[in-house]
Amino acid sequence: MHEFKGGGLMSAKRRQIEPYWAPLPRRNLAPLQTAGIILRHLVPAAGVFVLDWSAGQFLMLSLFNVCFSIVCIGVVGVLVSTRQEAGPSPGAADALALWATAILLALAGSILLTAMFGWVIGVLVASSGGKVFSLGLAGSALLMVISAAPASFRQYKADLAAGLDEEERKRRDQPNVLVLVMMGGLVFILSGYAGEFGNWALYALVIAVTGLFLFGDLRPDLMRELVRPLHASRR
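Since this is a predicted model, take the numbers as computed values, not measurements. (Residues numbered from 1 in each chain as written. Predicted model: local features only at pLDDT ≥ 70, side-chain atom pairs only at ≥ 80, totals over all residues. Heavy atoms only, no water.)

Caption draft 1: Geometry of the overall build of the chain. In terms of regular secondary structure, the chain is built from eight helices and zero strands. Each helix (α) and strand (β) of the chain, taken in turn from the N terminus, gives the series α-α-α-α-α-α-α-α. Burial status across the chain gives 39% buried among its 235 residues. For the chain, the share of sequence-separated contacts (at least 6 apart) that also reach a separation of at least 24 residues comes to 84%. Taken as a whole, the chain presents about 13100 Å² of accessible surface, with 69% of it coming from carbon and sulfur. (Helix = DSSP H or I, 4+ residues; strand = E, 2+ residues; numbered from the N terminus. Buried < 20%, exposed > 50% of the residue type's maximum accessible area, 1.4 Å probe, protein only. Contact = heavy atoms within 4.5 Å. Areas by Shrake-Rupley, 256 points an atom, 1.4 Å probe, with all protein chains shown as cover.)

Caption draft 2: How the structure looks around the pattern of salt bridges. All chains considered together, the criterion is met by five salt bridges. A salt bridge links Asp173 to Arg172; the shortest N-O distance between them is 2.9 Å. Where Arg219 meets Asp221, a salt bridge forms, and the shortest distance between an N and an O atom there is 2.7 Å. For the pair Arg219 and Asp221, one class covers both residues: buried. The network of salt bridges with common partners includes Asp159, Arg172 and Asp173. (Salt bridge = Lys/Arg side-chain N within 4 Å of Asp/Glu carboxyl O.)

Caption draft 3: Spatial organisation of the packing of aromatic side chains. Going through the model one piece at a time under the given rule, you end up with four aromatic pairs. Between Phe64 and Phe68, the ring centres sit 6.1 Å apart and the planes meet at 10 degrees, which makes this aromatic pair stacked. Of this pair, Phe64 and Phe68 both sit in helix 3 (residues 55-86), four residues apart, which is roughly one turn of that helix. Pair check on accessibility: Phe64 and Phe68 agree, each one buried. Put simply, the rings of Phe49, Trp200 and Tyr203 touch in pairs and so form one group of aromatic residues. (Phe/Tyr/Trp six-rings, centres within 6.5 Å; stacked < 30°, edge-to-face > 60°.)

These results come straight from atomic positions and should not be treated as a statement about function.
Encoded structure:
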């Protein structure tokens, strides 16, 4: 479809946007990678069904999950760029130290990002008399970080093997970040109603949000198609 006015400008803008929405192939997940993804997303659900968490606690940890996913994309990208510039991988001890540092940076960045936006959820939930913070959240967040390590490492190895440069990775990852931001927006919307969830409504919420997060990580190719702008090309 052609625009009657400013058609040239609109076409130029679309050519800039379209490459970012190129379809992704289906992920080829190893069993350990799949197990890590499932475990990571079941941790917040287990808090509700096993530890009797409130809706506020579940939503706060879900926000951390979103923030951690966004930070991981950046950390893996930095590691890949660093390795591409530095050459062959270092020895096992150096590689282990590098990944330990990367995990700590990802954890710190995720906590900071969660704090920057999570206070809004805290205020909304607290205003309705709900509970948000507990010591169990910290341990659960750490378990989620550890569970994500296999998937992050496999993504790092895949990007190195593919030889993607920084711009190509950006084109691939930008829509994925948008999907995560939309999930974070959903968490914010739900937090405004956290005080109104009874037990069964909370269980339904947990199942729905957990299923959405699992779908997003196990089938990012399909999730990407669901949020694709109508004007983006399907080339």
